[in-house]
Amino acid sequence: MRGVRDRAWRQEAVQQALAEWDFGEVLRLVRRRSGLSQMAVCEITALPQSFISDLEHGRKQVGSPATLLDLLNGLGLPEDLQHLLLTPLRSHLIWVTRYSVSHGGDR
């Protein structure tokens, strides 16, 4: 089995967590919604079970792009939801732009 069923990604809470880069919550919600054990997630993501558990419980964060790719590719993030990953970047860019304009722009 590769990835999780598409319907697991369609829950609003999953998409909200994805847009907020709360990957522990994404993992917990998608895993439970699809009925996967942590060991099954380990098999499809090649990530250690201890990391999966710690991520779900907020004791660890995704620390590298490679880990993020292993996680989301393994879980089968649908292409039409990948844009949600850009939400925090857009928010940061808007804040930086507003800050720059309100503080005199480029100096």
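Let us look at the structure shown here. (Residues numbered from 1 in each chain as written. Predicted model: local features only at pLDDT ≥ 70, side-chain atom pairs only at ≥ 80, totals over all residues. Heavy atoms only, no water.)

## Brief notes about helix 1 (residues 12-19)
Under the convention used in this document: For each residue, the accessible area found with a 1.4 Å probe, counting protein chains only, is set against the maximum for its type, and the residue is called buried under 20%, exposed over 50%, and partly exposed in between. Per the convention used, a helix needs a DSSP run of H or I reaching at least four residues, while a strand needs a run of E reaching at least two, with both numbered from the N terminus.
Looking only at helix 1, the buried set comprises V14, A17, L18 and A19. Looking at the residues trailing helix 1, positive phi occurs at W21, about 60 degrees.

## Topic: unusual backbone geometry
Phi is positive for W21, close to 60 degrees, though the residue is something other than glycine. At A46, a residue that is not glycine, the phi angle is positive and equals roughly 65 degrees. Mapped onto the fold, A46 is located in the loop between helix 3 (38-45) and helix 4 (49-56). The exposed category is assigned to A46, whose relative accessible area is 67%.

## Some thoughts on the packing of helix 1 against helix 2 (residues 23-34)
To keep it simple, the criterion reads: Helix axes are fitted only over the stretch in contact, all axes being lines through C-alpha atoms; the angle between N-to-C directions runs from 0 to 180 degrees. For classification, angles of less than 35 degrees are called roughly parallel, those exceeding 145 degrees roughly antiparallel, those between 65 and 115 degrees roughly perpendicular, and all remaining angles oblique. In this scheme the crossing of two helices becomes right-handed for a clockwise turn of the near helix relative to the far one and left-handed for an anticlockwise turn of less than a right angle. Contacts are assigned to residue pairs that have any heavy atoms within 4.5 Å of one another. Here the term charged refers only to Asp, Glu, Lys and Arg, the term nonpolar to Ala, Val, Leu, Ile, Met, Phe, Trp, Tyr, Cys and Pro, and the term polar to all other amino acids, Gly among them.
Close contact between helix 1 and helix 2 brings their axes to 8 Å; oriented N to C, the two are set at 155 degrees. In terms of orientation, helix 1 lies roughly antiparallel with respect to helix 2. The element helix 1 and its partner helix 2 pack so that their crossing is left-handed. Contacts from A13, V14, A17 and L18 in helix 1 reach F23, E25, V26, L29 and V30 in helix 2. Taken together, the residues of the contact of helix 1 with helix 2 sort by class into eight nonpolar, no polar and one charged.

## Quick word on the nonpolar core
Going by this rule: For this analysis, a nonpolar core means a set of buried residues of the types Ala, Val, Leu, Ile, Met, Phe, Trp, Tyr and Cys, connected via side-chain atoms within 4.5 Å.
One finds W9, L18 and L75 to be the most contacted residues of the largest nonpolar core, which totals 28 residues. The element contributing the most residues to this core is helix 2, with five residues. Beyond its immediate sequence surroundings of up to four residues, W9 is in contact with V4, V14, Q15, V26, V30, L72, L75, G76, L77, P78 and L81.

## Observations concerning the packing of helix 2 against helix 4
Between helix 2 and helix 4, the least distance of the axes is 7 Å, while the angle of their chain directions is 105 degrees. By the criterion of interaxial angle, the relationship of helix 2 to helix 4 is roughly perpendicular. Counted together, F23, G24, L27, R28 and R31 of helix 2 and I52, L55 and E56 of helix 4 form the full contact between these two elements. Partitioning the contact of helix 2 with helix 4 into residue classes produces four nonpolar, one polar and three charged.

## Topic: the environment of V26
For V26, the location among the structural elements is in helix 2. Exposure remark for V26: the relative accessible area of 1% places this residue in the buried category. Taking the C-alpha atoms as reference points, V26 and Q15, eleven residues apart in sequence, are found 7.8 Å from one another. If sequence neighbours within four positions are ignored, V26 has contacts with W9, V14, A17 and L18.

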